[in-house]
Structures are given as C-alpha cells and as structure tokens.
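# Architecture at a glance
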Amino acid sequence: MSFLMSFFVIAFLIIIISIFSSSSTKKTQETNVNGPPSYPLIGSILSFNKNRHRLLQWYTKLLRLSPSQTITIPLLGNRRTIVTTNPENVEYILKTNFFNFPKGRPFTDLLGDLLGQGIFNVDGHSWSSQRKLASHEFSTRSLRSFAFEVLREEVETRIVPVLSTAADVGTTVDLQDAFDTAAEISARRATEPLYAVWKAKRVLNVGSERRLREAIRTVHELVSEIVRAKRKSLEIGTGQEAKQDLLSRFLASGHDSEAVRDMVISFIMAGRDTTSAAMTWLFWLLSENDDVEKKLLQEVEPLMSLGLGFEELKEMSYMKACLCEAMRLYPPVSWDSKHAANDDVLPDGTRVKKGDKVTYFPYGMGRMENLWGKDCEEFKPSRWFDSEPGITEPVLKPVSPFKFPVFQAGPRVCIGKEMAFMQMKFVVGSVLSRFEIIPVSKHKPVFVPLLTAHMAGGLKVKIKRREINRWFDSEPGITEPVLKPVSPFKFPVFQAGPRVCIGKEMAFMQMKFVVGSVLSRFEIIPVSKHKPVFVPLLTAHMAGGLKVKIKRREIK
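From a predicted model like this one, the values you see are computed outputs, not experimental measurements. (Residues numbered from 1 in each chain as written. Predicted model: local features only at pLDDT ≥ 70, side-chain atom pairs only at ≥ 80, totals over all residues. Heavy atoms only, no water.)

Another point: the overall build of the chain. Counting its regular elements, the chain contains 19 helices and 15 strands. Long-range contacts, defined here as pairs at least 24 residues apart, represent 68% of the contacts in the chain between residues at least 6 apart. About 30200 Å² of surface is accessible on the chain, with carbon and sulfur atoms providing 58% of the total. (Helix = DSSP H or I, 4+ residues; strand = E, 2+ residues; numbered from the N terminus. Contact = heavy atoms within 4.5 Å. Areas by Shrake-Rupley, 256 points an atom, 1.4 Å probe, with all protein chains shown as cover.)

Orientation of helix α15 (residues 317–329) relative to helix α18 (residues 417–432), taken along the N-to-C sense of each, is 105°, at an axis distance of 10 Å. Comparing the axis directions of α15 and α18 gives the class roughly perpendicular. Along its contact with α15, which presents M319, K320, L323, C324 and M327, the element α18 presents F421, M424, K425, V428 and G429. Of the residues assigned to the contact of α15 with α18, the class counts are seven nonpolar, one polar and two charged. (Axes fitted to C-alpha atoms, helices over the stretch in contact; angles between N-to-C directions. Parallel < 35°, antiparallel > 145°, perpendicular 65-115°, else oblique. Nonpolar A, V, L, I, M, F, W, Y, C, P; charged D, E, K, R; others polar.)

Taken residue by residue, a regular strand's side chains alternate between the two faces of the sheet. Where burial is concerned, the two faces of strand β8 (residues 435–439) differ: the one with F435, I437 and P439 is buried and the one with E436 and I438 is not. Across five bridges, β8 lies against strand β11 (residues 460–465) in antiparallel orientation. Residue E436 lies in a different strand from β11, and its bridge partner there is K464. (Buried < 20%, exposed > 50% of the residue type's maximum accessible area, 1.4 Å probe, protein only. Pairing = 2+ DSSP bridges.)

Within a sheet, each strand pairs with its neighbour through backbone hydrogen bonds, oriented either parallel or antiparallel. Pairing in this open sheet of three strands is antiparallel, and the strands run β3-β11-β8 from one edge to the other. The open sheet terminates on both sides in strands that have one partner only, identified here as β3 (172–174) and β8. Recorded for the sheet is a direction-independent mean angle of 45° between the axes of neighbouring strands. In this structure, β3 lies alongside β11, joined through three bridges in antiparallel fashion. Looking across to β11, one finds that T172 is bridged to K462.

The next point concerns the pattern of salt bridges. Here the idea is simple: oppositely charged side chains can pair when their charged atoms come close. The final tally for this structure, using the stated rule, is 15 salt bridges. A salt bridge links R466 to E293; its shortest N-O distance comes to 3.4 Å. Here R466, found in the loop between β11 and α19 (504–519), pairs with E293, found in helix α13 (residues 290–306); they are 173 residues apart in sequence, far enough to count as distant. For the pair R466 and E293, a shared accessibility class is recorded, and that class is buried. Connected through salt bridges with shared partners, the residues E325, R328, D375, K380 and R383 form a single ionic network. (Salt bridge = Lys/Arg side-chain N within 4 Å of Asp/Glu carboxyl O.)

Attention now moves to the sheet that holds strand β2 (residues 81–84). The strand order across the open sheet built from four strands is β1-β2-β7-β4, with neighbouring strands paired in mixed fashion. Edge positions in the sheet fall to β1 (70–73) and β4 (336–339), since each has one partner strand and no second. In this sheet, neighbouring strand axes are inclined to one another by 20° on average, regardless of whether the strands run parallel or antiparallel. Set on the sheet, helix α3 (residues 55–65) makes contact with β1 and β2; between it and β1 the angle comes to about 125°.

A separate point is α3. For α3, every residue scored as buried is listed here: L55, L56, W58, Y59, T60, L62 and L63. Contacts from the buried residues of α3 go to α2 (45–51), β1, β2, α16 (362–365) and β9 (447–448).

Formed by 95 residues in total, the largest nonpolar core has its most connected members in Y59, F101, L282, L296, M327 and I463. Ranked by residues supplied to this core, first place goes to α18 with ten residues. Ignoring any residue separated from it by four or fewer positions in sequence, one finds M327 in contact with A278, P332, F404, V406, F407, F421 and M424. Membership of the second largest hydrophobic core comes to 20 residues, among which are W127, L133, V227 and F267. (Core = buried A, V, L, I, M, F, W, Y, C linked by side-chain atoms within 4.5 Å.)

The next subject is the environment of L285. In this structure, L285 sits in helix α12 (residues 257–288). Among residues more than four places away in sequence, those in contact with L285 are A326, Y330 and F379.

Nothing here speaks to function; it is all geometry.
Now the structure itself:
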C-alpha cells in the first residue's frame, strides 16, 4: 500500500507541475524580489527544475542581483530554501545564533545512510562529545608529528615514484582521486526538485538509490575491516607507537565499532577529498598562470633544498595565498545548509521560518564583486597580501572566516584546518619542485558540486621532470634529487688535500643565507646588457663592478 501511495503522490505532483508549466504565462506571478519567479502553490519549482543541473551558476546570478545578497526559494513539497552570500548573515548562522541553526533532520536524512552518526552528520550531545575528543587529539604535538611523518613517507614512497614513472614512460595521470559512488549519489539527493522523489526511490530500492545502497555497503565493509584490524593490532601491540594515529585514539576512547566506523568515514570525507579537490584545482590554475607558478617556485625551491619541516611550511606564505585563492574560486564544499530550529530574522532583514533550510554559499561568495572586487573571477593570489607602501615584508591579510568560510566558522570551524594546510603545502611543494604538470585537455574543467567538489572527468595530465642542473643526480628512479659527489680535484675552488679551505662549509652557509634573503625580496637588474669582464686579481672581480637596479618582488 505504501508503494502505491508513493506512486500516486509522485504522479499527482508531476501533473500539477505540468499544468503550471503550460499555463504559467497566464498565471499571476507572485512578487519575489530576492529570488526566482514564484507562483501560487508550486513556488519556484519551475525555475529550480530548469536550473537544477547548473545550480551554482543560477544561485550566483540571482545573488548578484539581490540587494541583500540573499535569495529565498519556495519549493512545492520541500522546505523553503534561503541562500546567502552576505558575511553578516553567515556570521549570524555559524556563530551568533549557532544553536538556532543546527544541521537538522532533513540534512542528516540526506547523508545519514553514508555518514551515519559521524561528527559531520549530527547535532547536540553526539556532535559536542565527538568534537571534544577530536579537538583534543588534533591539538596534541604527538599527533601532528606522527601525521607529518606519515605524510612525508606517503609522498616520498608513493606519490613521487608514481609521478617519476609517469614522467619517464610518458603516461597520462589523473590527478583527481574521486571518492566513490556513495558520495555522488548522496549529494545529488539534495538537487531533487521534490523531496519525496529520492525517498520513494529508496523505499522501492530502485535506480540511483539501489546503487547507493550497494556502494554504502561496500564502504561500510571496507572501513569496518580497517577498524577491526586496528582494534586487533592494539590488543596485541606493544609500545606507544601503535597508538599515535587518530583511529587508535578513537578506539581507546571507548566508542563501539559502529560509532568509530561512522567517525572514520566522516574524517575520510572531510580530510582526504577536500584537500585532494583543492590541490587538483590549484595545479590546473597554475598551469593556466605561468607567472604565479614561477613565483611559487621561487618560494618553494630554496625551502625544498633545506628539507621541508614544520618551520619551512609555516614560511610558505605565497603557497598559502595560492591555496586560499584556489579554494575561493573552487571551494571543496560549494554550499552548506542548516535548518532553523525556530523563527528568526537574519541581520539583512530576511525572515526565517522554523524548518527553513538556510544555506551559506562559499562558491557564490567567491564571485561577489562587493566582497572581492571587480576582478573576483580572476586567479590572483596577490589579493591575500597587504601591499601598503613601506611594508618591507609582505604579510598575509587577516580575512574574516565569514567572508571566506571554506573551513566553516564559529563552533563548527574545521578542527583540522592547520593540518590540512600543512599537508597541502607539503604535497604541492614536493610535486611542483620536481615536476611540471601539463593538462592534456586545453578546455576549462567543469566544476561539479558533490559532497566535496570535483572536476567532471578528473584532471588528466602529462608529467615532465623539471630540468635539474649538472650538480644533481637525475637518473630515472631517483625520487629525491641529491647533489652529485664531485671530486675536489675536478673542482678545486676551495683547494684540496691538506690545504683544503677549513671555512668551506661556513662560506656556503653565509652565501646561501645572503643570496636567499636578497633574491626572495628583490629583483636584481643589471644596468648594462654586456657580459661582465672577469679580472683575475688576488680574488677575481668584475671589471668596473656590477651596476644594478633594485626592484621589490611582487609578492602575490
């Protein structure tokens, strides 16, 4: 009987929509200043259905036209949707009145099959207890150190060798590592014009919902096996090294296997796919902006030669600006929705009714001229720096998380934000310093807003080794280029044998520091275009010296 009722409901709704589609020009359109056209009974479902495959562009266009940067979309059979790119509204939703805007039951229904009771799909006590545990663990020095060592090992033993082989053999690599079918179908539930459609398909176990159920079963089995294996290793393991990873700490906290499974899936979604998406888009953007890539290499290469550690990663301000700019244009999470627990009024005057879906929209925020300027659709890392006259060392601007909410903000701000930046800096730096990334297609990739945003079809690239000069080994298979051992009798500038210069290493240290300090800040431009004359005095000089102009480097 419930199956028949579902069919009758859907059939009735389709008939209603058809009637209004054919006669909408004859109907009186309701006034909807901040949003798409709205009609009696069916709301804006006609416009929504027409644009459901391009919601990003549609929402962005409507929000640009809205004086308040907020739009309201009433839909037949769905809760009213409010979408905003207004930072004051975002702050109110995520912080000021946080408890009135939980994720809500409709959100957890959409993702509950996949994420279960994981931290990113729950509210209230369940969320706060998981948050407290995760926040404590992410703040420990031991976990950060452990994560960094694991990251270093993964890059050196897996990523670099794969790219090295691709460079040597000439094969094509897909830089995008998509998650699975489960994430895609779960996300697409939210774009159904009628809320009842995906629920009916789930009850009937047909179409995409059947594929989703099968995919989730696979995910749960794989993750459950990881949890079981870890629990067993902890039971028989010795020493503290077996308890340094996050999964071990979750198990040690007393959660049962199913709860830990849900937490692991949430962290995989949040920690892997988001950083993967951000880096994929950055590599494509760099391939389109040679000047930015060149400046980034100027920052990365000197630090790579010293070996990347925590301190070196902190110094990569231009790298951080590039990552932020990539995420501004192509945020890993395009939109995020809450559901009002009670009636409310947003700072811009928008009235919110209990049960309304209230969505803040990072993708659209990155394309608002009043937030980022007329060049908001351009890739310009320079916008992240203060460039006031007299500033000798350009620094990153403090940007409000409510203007740039790609890591959320307020009580639910991403607890792994700094670790994510560390990972992305290390991976991008390690790859970029060794290889040129050359996209196979010349067409602009298509941005697909799933649970975490992806490129449609991935990013197919060719890998080319960067030219390494005569002082480095560059044999195939060498993952970490190292200086060649050169005989001091072939290169006796510091003498050799018993009279070898005892200050050789100190001299190198001084020269590295001075050259690095100068080149990182200034461009040195010789006044004369002629090759200098080498004069062999006691110590060699240039005839007439080296007259130069000094220009500050543009730090972007």
